[in-house]
Each structure stands twice: as C-alpha cells, then as structure tokens.
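One letter stands for each residue in the lines below.
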There are 2 protein chains.
Amino acid sequence: MKITMKEVAQHAGVGVGTVSRVLNNGSVKDSTRKRVEAAIKELNYQPDFYARGLKTNKTNTVALILPSVWHPFFSEFAFHVENRLEVNHYKLYLCNSSGNSEKEKEYIQMVTQNKVDGIIGITYSDIDDYVSSNLPFVSIDRYFTEDVTYVTADNSAGGRLAVNELSKRGCQNLAYIGGYQETPNETKSRRKYFEIECNQQQIEYQVLDMLEPLLDSWATIEAFLMENDTIDGIFTINDPMAIEVCKILKKLGKRVPEDVQVIGFDGQRISEGEGYLVSTIVQPIEKMAHSAVDLLIAVIEGKEVEKRTVLPISFGEGGTTKKL
Amino acid sequence: MKITMKEVAQHAGVGVGTVSRVLNNGSVKDSTRKRVEAAIKELNYQPDFYARGLKTNKTNTVALILPSVWHPFFSEFAFHVENRLEVNHYKLYLCNSSGNSEKEKEYIQMVTQNKVDGIIGITYSDIDDYVSSNLPFVSIDRYFTEDVTYVTADNSAGGRLAVNELSKRGCQNLAYIGGYQETPNETKSRRKYFEIECNQQQIEYQVLDMLEPLLDSWATIEAFLMENDTIDGIFTINDPMAIEVCKILKKLGKRVPEDVQVIGFDGQRISEGEGYLVSTIVQPIEKMAHSAVDLLIAVIEGKEVEKRTVLPISFGEGGTTKKL
DNA sequence: TTGAAAGCGCTAACAG
DNA sequence: CTGTTAGCGCTTTCAA
C-alpha cells in the first residue's frame with residue numbers, strides 16, 4: 001500500500017498543506033513539525049516525486065550523455081557522477097548516445113520540457129545548435145561555440161608532461177599516436193602541446209594521427225612503427241591506444257619499456273585501487289565528475305558559474321616506462 | 001513553452017480524451033486519428049511522463065544496480081542494457097550501490113512505490129530479505145534464496161574450458177587465482193569446475209582463492225607464484241586479475257605466454273571492436289544484457305518467465321596463451 | 001501559523 | 001467513436 005500525504009496529515013491531525021511545508025522547510029510551529037515528522041516516520045511515508053515533478057517541473061534528475069560506456073574513462077566518470085549526484089539527492093538517467101545525435105537531441109529536449117533538470121555530456125558530435133547557453137548543461141572535454149560551461153583535464157599540460165617524462169627517461173626519438181574526430185574538443189591539445197614541447201626541447205618526433213572511426217588501426221600503426229624504427233618513446237591519445245601499441249611493439253620484437261617506452265592518457269587502472277594498466281597521464285576523473293555535478297547544480301539553481309574549469313593532470317607509472 | 005494535451009486537442013478540434021486514445025492506441029476513427037497526429041506533429045507535442053506516471057503508476061523506468069562501474073564488465077553491461085531498454089522505450093536509472101546495501105534497499109523500495117517499474121541488479125550483498133519473488137527483478141550472476149529470475153553466463157563451462165584450452169596448449173601444471181565473497185554467486189563455479197575438470201583429466205593444479213576485499217593481493221600472488229615455481233598455466237577469476245598476474249609474472253622474470261600461459265574471465269576488450277586484453281573466457285555480455293532486459297519487461301508485463309537463464313561462453317585469444 | 005482549495009497534465013470511466 | 005469529467009499526490013496561493 002502506498003502512503004500519501006493525506007494519510008500523514010490525518011495521522012498528525014493537520015492539513016496536507018502543513019505536511020508539505022514540513023517537507024519543504026516552510027515555516028511551521030515547532031510542536032506541529034515534531035508531530036508531523038513523527039507521523040511521517042511512523043507511516044514510513046515517502047513523497048511521490050512524480051506528483052511533485054508534475055506540480056513543480058523540478059525532477060531532481062540529471063541525464064548523463066556518454067558516447068559509449070565501453071571506454072573505461074567513461075564508466076569511471078559515470079560512477080563518480082552518480083555518487084556526487086546521490087549526495088545532492090539527484091537521480092541519474094544514463095544515456096548512451098553511441099554517437100547518435102538524434103538520441104542526444106532527445107535528451108536535450110527533455111531538459112527543455114522539464115523532464116530532467118540538467119545534462120552532463122561527453123559528446124563529440126555536432127549538436128551545437130541545440131545547446132544554448134541558458135540551459136543547464138555541462139560539457140566534458142568539449143567546448144561548444146556558444147559559451148557553454150565545460151570541465152576538462154589540463155590536456156595541454158598532459159601533452160607537455162608526456163614529452164618530459166619520456167625525455168627524462170632517455171628517449172630521443174618520440175612519436176605521437178592517436179585518433180581524432182572533426183569536432184573541436186580539448187583532447188586535441190594532447191597532440192598539439194606534445195608537438196610544442198618537442199619543438200621547444202628540440203626533440204625529434206613523428207606523428208600518426210588517424211581520423212576516427214578507426215578502420216584498421218592495427219595495420220596502420222604497425223606500418224608506421226616499422227617505417228620509423230628508431231622511435232624509442234611513444235605518447236598515445238589514450239590508454240587503450242597505448243595498450244594496442246604495446247601489443248604491436250611486442251609483435252615487432254621490441255621490448256617495452258627496455259627498447260621503447262610508452263605513455264598513454266587517462267589513468268586507467270587495472271581495477272579499483274590497483275595500479276595503472278600502462279604508464280599514463282592521469283586525468284583526475286573523480287574531481288572532474290564532482291566539478292561537473294557541482295557546476296550543473298549551481299546552474300540549475302540559477303547561479304552564475306565559471307565557464308571553463310581546467311583540472312591538473314599528473315604522471316602515473318604503469319610499467320611501460322623505465323624506472324627512474 | 002510547454003505544449004499540453006489540451007492545446008493539441010484544441011488544435012485538432014477534439015477532446016483531450018481522444019488525444020489520449022490516439023497516444024495509447026485506443027479505438028479512434030481513422031480520420032480523427034490522422035487529424036490528431038497532425039496536430040501533435042505540428043505543435044511538436046510530447047507527453048509529460050510525470051503526469052502520466054502520477055496517474056498510472058507506470059514510469060517506464062528501470063533501475064540498474066551495479067556494485068561499481070569500475071569493472072569494465074559492468075560498464076559494458078550497462079551500455080547494452082541501456083540500448084535494449086531504449087528500444088523498448090524505457091529509461092535507465094543508474095545506481096552504484098558500491099556494496100552499500102542501504103542504497104540498494106532504497107532503490108528496491110522505489111519499485112514498491114511505483115517509482116521504477118523494475119530492477120536489474122548485479123549485487124553480491126545481502127539484500128535477500130528485500131527481494132521478494134513477485135517484484136520485477138532480474139539478477140545477474142547471483143541466485144537468491146527466493147526464486148528470483150536470474151541471468152548468468154555458463155561459468156561452469158567456463159572453468160572447464162579454461163582447463164582444456166590451457167592443457168591443449170601444453171600446460172601441465174595449472175593454477176587458479178581468484179578472489180571471492182561470502183555471498184553465494186555463480187562466479188564461484190569458475191573455480192569449482194576448473195577443479196573438477198583438472199581432476200577428471202588428472203592434471204596437477206594449485207589454488208589461490210582470496211577473500212575480498214583484497215588487501216595486498218600483489219604480494220600474496222607473488223608469494224604464491226614463487227612458491228609454486230613450476231606452474232605453467234593460470235586461470236583467473238576475471239580479466240583484471242589476469243592482467244595483474246601477468247605483471248607479477250613479468251616481474252618474476254617469466255615470459256607470457258612462452259613460460260606461463262594465462263587465461264582470464266570476462267572477455268574484456270582493449271576498446272570497442274578491438275581485440276581482447278588478455279586471453280579470456282568470453283561472457284556474452286550483450287546477450288546477457290538483452291536477456292535481462294527482455295525478462296524484466298516480461299515480468300513487468302505480468303508474464304511468467306524462466307527463472308534461470310544460462311548463456312554460453314567461448315574462448316577468446318588475447319596474446320597471453322600460445323597460438324595453436 | 002495553518003487549513004482549504006485550486007490546479008499541474010494525464011488517463012479512464014462514463015455518458016452520449 | 002468521442003467529449004466530459006473525476007481524480008492521481010503534490011505544492012502553493014488565499015483566507016482565516
């Protein structure tokens with residue numbers, strides 16, 4: 001049986017309005033409040049947030065749009081987002097857009113219709129027209145042409161750090177290996193600042209940047225590596241790519257990290273609390289998630305927020321670089 | 001501005017009841033239906049599912065409870081669940097219980113209050129009392145004492161297959177390395193049938209089974225491996241564990257797969273569409289997710305369903321076993 | 001400080 | 001086959 005406010009009101013000998021006020025911190029005489037709270041507890045009453053949503057157009061629900069959950073970065077991110085939301089009494093709709101921008105638009109439409117209070121989105125597809133600066137929306141890694149709030153790791157510093165860590169460990173001939181998409185996003189800084197830093201330090205480097213979706217990356221990378229046999233340090237766009245590169249290197253008879261050192265990007269761990277899968281530039285995923293949630297809630301509450309949040313990265317030792 | 005049914009009705013020159021009937025496939029004269037549909041399209045009307053939920057106690061929402069999303073198996077699973085739900089016009093609340101059974105109970109309570117229509121749960125904690133057999137609930141990998149519907153990969157066959165694949169590749173001295181929890185769950189069959197198969201084939205084997213949460217698994221495993229120096233084939237409870245074991249083996253100067261071959265469990269891929277991270281017993285994650293969703297929806301619709309669904313596994317070559 | 005009452009947008013029962 | 005109407009459980013005026 002479902003307990004409604006009416007029952008609680010009856011039980012406490014007050015009107016439903018009073019119960020509502022108790023729930024929403026309206027002004028109620030202390031003694032009445034006590035009585036109502038007792039009734040709530042006794043009947044184990046829980047407000048119906050559908051009724052509330054209908055009335056207030058506030059749902060305490062946020063949609064998280066991910067391009068895919070396969071990438072461990074996304075799943076860890078989702079994990080932290082949910083945790084932070086929960087603390088703030090929000091629920092999370094998970095939405096895998098799968099690069100399907102129709103589905104993304106659908107969720108964005110949900111905001112405009114008050115079905116979700118806001119959206120956090122990692123989306124590299126072309127939905128710029130739908131994202132206006134006044135709807136509660138926080139983007140990750142991606143700046144839109146409009147001045148949408150976004151959170152990102154310091155990808156530029158990441159690119160530079162990779163060069164430094166590699167060069168510190170004796171690498172003389174670097175390479176960047178990655179994939180990219182046409183839409184502008186912050187991850188492109190990884191390559192850009194890798195190059196800038198190499199140039200500044202006058203280090204030799206090669207670049208293999210493949211347009212996604214990747215068709216036969218294995219063969220492309222293998223060819224690239226065979227052609228550039230003297231490479232002794234590689235920086236990849238992300239950790240999965242680093243793993244693939246390691247496998248290819250092994251096949252080519254190169255030892256990692258003795259012959260070639262590899263640094264990925266993300267900070268992917270073997271499992272919770274364990275070490276890193278590969279040596280990597282670590283994104284502060286938890287911080288990013290928390291910032292995103294905090295910003296979104298601030299926007300929902302009508303506050304002004306900083307448009308751009310950049311969080312610091314660090315280096316994580318994962319066995320694909322030499323010990324210092 | 002929000003368009004309501006009333007507007008649509010006015011626009012089409014009918015009553016709201018008729019619009020509702022059109023939406024819910026009630027009997028409406030064809031010409032009227034056309035007119036209403038036109039109005040809906042023209043005004044870009046979208047039903048308010050909060051109002052609907054309030055009225056019908058049907059929310060078209062399912063909660064997915066995961067112990068954590070860190071484990072790639074879970075995230076891939078979530079991905080497929082969401083996709084399948086979406087096809088059936090359901091939305092997904094993501095809930096990371098983090099082993100926090102309070103949070104799990106909270107969501108289970110939501111079902112009883114008609115806030116979600118059902119739950120899919122991977123949960124190893126002790127919430128048996130709350131899971132009654134008549135609420136729409138589908139469990140993964142875990143059977144409860146009550147006759148709750150559940151879906152699982154064929155873990156027994158997986159344990160056996162691991163032994164066979166290892167022995168086929170010349171291993172003579174096997175080991176099982178894993179972690180376990182007290183609550184009964186299907187993953188325990190992995191070890192059990194590994195042992196059964198070894199015994200049947202009269203293959204030597206060792207077992208290292210650690211109670212979770214794992215404190216210093218690295219050291220424990222390292223000691224185990226040093227003590228049992230002749231081991232040449234290892235089967236682990238899951239892929240992350242296989243990766244850790246590989247790293248430890250490397251540190252101990254053993255080559256994988258030349259000296260020691262390793263098979264994990266899950267079928268974790270480097271990234272979407274790529275190869276396997278390690279050689280592994282592949283769970284049909286997508287099928288499991290789809291089955292779970294289909295079963296859950298069937299239960300929600302009041303149909304009788306098979307309590308136990310066991311899906312076949314397979315072997316996936318991932319570079320930590322020798323080529324045949 | 002509080003109770004009564006008017007809806008929020010929808011479905012379903014009823015009458016036509 | 002279709003229009004009208006009574007709520008679903010809640011918040012929020014408006015009076016008292």
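Before reading further, recall that the structure is shown in the block above.
Throughout what follows, the structure given in this document is the object of discussion. (Residues numbered from 1 in each chain as written. Chains lettered and ligands numbered in written order. Predicted model: local features only at pLDDT ≥ 70, side-chain atom pairs only at ≥ 80, totals over all residues. Heavy atoms only, no water.)

**A word on the relation of the copies chain A and chain B**
Selection criterion: Here the copies are matched by least squares. The fit uses the C-alpha atoms of residues with pLDDT of at least 70 in both.
After a rotation of 180° and a shift along the axis of 0.1 Å, chain A superposes on chain B with an RMSD of 0.2 Å. What we have between these two chains is a two-fold relation.

**Digging into helix H1 (residues 5–12) of chain A**
Think of an α-helix as 3.6 residues a turn; residues three or four steps apart then line up on the same face. Residue and element names in this part refer to chain A. For clarity, the cut-off: Burial classification: accessible surface area is computed with a 1.4 Å probe over protein chains only, and a residue below 20% of its type maximum counts as buried, one above 50% as exposed, and the rest as partly exposed. The helix and strand labels rest on DSSP assignments: H or I over at least four residues marks a helix, E over at least two residues marks a strand, and numbering proceeds from the N terminus. Think of the arc as the fan of directions from the helix axis to the C-beta atoms. Pairs of residues are marked as contacts when any of their non-hydrogen atoms sit within 4.5 Å.
Within the span of H1, buried status applies to Val8, Ala9 and Ala12. All buried residues of H1 project into a common sector of 100° when viewed along the axis, lining one side. Among the exposed residues of H1, those oriented more than 90 degrees off its buried face are Lys6 and Gln10. Taken together, the buried residues of H1 touch helix H2 (16–23) and helix H3 (30–43). Phi turns positive one or two residues past the end of H1, at Gly13, with a value near 70°.

**Some thoughts on the protein's contact with DNA strand D**
Note the threshold: A single heavy atom is enough: if one lies within 4 Å of a molecule or strand, its residue is considered near that molecule or strand. Pairing of N or O atoms within 3.5 Å defines a polar contact, subject to two protein rules: one partner must be a possible hydrogen donor and the other a possible acceptor, and residues neighboring in sequence count only if both atoms are side-chain atoms.
Near DNA strand D you find 27 residues, and of these Met5 and Tyr45 of chain A together with Thr18, Lys29 and Thr32 of chain B are the closest. Considering DNA strand D, the proportion of its atoms within 4 Å of the protein that are sugar or phosphate atoms stands at 58%. Between a phosphate oxygen of DNA strand D and a side-chain N or O atom of Thr32 of chain B, the distance comes to 2.3 Å. For the surface near DNA strand D, the secondary structure elements donating two or more residues are H2 and helix H4 (49–56) of chain A together with helix H2 (16–23) and helix H4 (49–56) of chain B.

**Quick look at the sheet that holds strand S10 (residues 280–282) of chain A**
All names here are of chain A. What counts here: At least two bridges found by DSSP between two strands is the condition for calling them paired. Axis geometry follows a simple rule: fit a line to the C-alpha atoms, using only the stretch in contact for helices, then measure angles between N-to-C directions, giving values from 0 to 180 degrees.
Spatially, six strands are ordered S7-S6-S8-S9-S10-S12 in an open sheet, and the strand pairing comes out mixed. In the strand order of this sheet, the two ends are held by strand S7 (204–211) and strand S12 (314–316), each with one partner. The sheet shows a mean angle of 25° between the axes of neighbouring strands, taken without regard to direction. Relative to strand S8 (residues 233–236), strand S6 (residues 173–180) runs parallel, the two being bridged by four bridges. For Tyr176, the partnering residue across the bridge sits in S8 and is Phe235.

**Notes on unusual backbone geometry**
In this structure, the amide linkage connecting Val256 of chain A to the following residue, Pro257 of chain A, adopts the cis form with an omega of 5°. A positive phi is found at Asp266 of chain A, a non-glycine position, where the angle reads about 145°. Taking relative accessible area as the criterion, Asp266 of chain A reaches 5% and is therefore assigned buried. The residue Asn57 of chain B is not glycine, and still its phi comes out positive at about 60°.

Any functional reading would require information that these geometric values do not contain.
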